[in-house]
Amino acid sequence: TSNISPGVISLEVLSEICATLSELWNISSLRDCLTNQFETIFTGFYQRALALLRKRPNPVDSASFNANLVFDAEVEIILESLVDILCLHDNHDD
């Protein structure tokens, strides 16, 4: 059984999604012909990740507060890394 609540995304899932999007984005033939689709996928994923963060239950004690801080920081790093990867190749040819 999983201890993850329905609708809550794990850091592992976020990381895998970002890795997959990054891998696909680094294939220039795909990037060249699917830029609009990549932007739509990225925007939807980013918005979903932020919505899930907002839906987290409020902390009830210092342990859950600290857990939320750690989770927030890790999600922020994952999302910022994805933004950096997408921007790195923006308007550049391989």
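Up top is the structure.
Calculation criteria
- Residues numbered from 1 in each chain as written.
- Predicted model: local features only at pLDDT ≥ 70, side-chain atom pairs only at ≥ 80, totals over all residues.
- Heavy atoms only, no water.
- Core = buried A, V, L, I, M, F, W, Y, C linked by side-chain atoms within 4.5 Å.
- Buried < 20%, exposed > 50% of the residue type's maximum accessible area, 1.4 Å probe, protein only.
- Helix = DSSP H or I, 4+ residues; strand = E, 2+ residues; numbered from the N terminus.
- Expected span 1.5 Å × (residues − 1).
- Arc of directions from axis to C-beta.
- Phe/Tyr/Trp six-rings, centres within 6.5 Å; stacked < 30°, edge-to-face > 60°.
- Lys NZ or Arg CZ within 6 Å of the ring centre and 35° of its normal.

Peer 1: When you look at the nonpolar core in this model, what are you seeing that I'm missing?
Peer 2: Inside soluble globular proteins, nonpolar side chains tend to come together where they are buried. Within the largest apolar cluster, 16 residues are counted, with the highest numbers of intra-cluster contacts made by Leu11, Leu14, Phe45, Val75 and Leu82. Secondary-structure elements contributing two or more residues to this core are helix H1 (11–25), helix H3 (35–55) and helix H4 (62–88). The biggest single contributor to this core is H4, with six residues.

Peer 1: Any chance you could explain H1 here in plain terms?
Peer 2: At 3.6 residues per turn, the α-helix brings residues three or four places apart onto the same side. For H1, spanning 15 residues, the distance from its first C-alpha to its last is 21 Å, which sits close to the expected 21 Å at 1.5 Å a residue. Within the span of H1, buried status applies to Leu11, Leu14, Cys18, Leu21, Ser22 and Trp25. Viewed end-on, H1 has its buried residues packed into an arc of 100°, placing them on one side of the element. Residues of H1 that are exposed and angled more than 90 degrees away from the buried face: Glu12, Glu16 and Glu23.

Peer 1: Looking at this structure, I do not really get the packing of aromatic side chains. What am I missing?
Peer 2: When we look at a pair of aromatic rings, we describe it by the centre distance and by the angle of the planes. For the structure on display, the rule yields one aromatic pair. Judged by centre distance (5.2 Å) and plane angle (90°), the ring pair of Trp25 and Phe38 falls under edge-to-face. In this pair, Trp25 is assigned in helix H1 and Phe38 in helix H3, connecting sequence segments 13 residues apart. One cation-aromatic arrangement involves Arg31 over Trp25; the distance from NZ or CZ to the ring centre is 5.7 Å.

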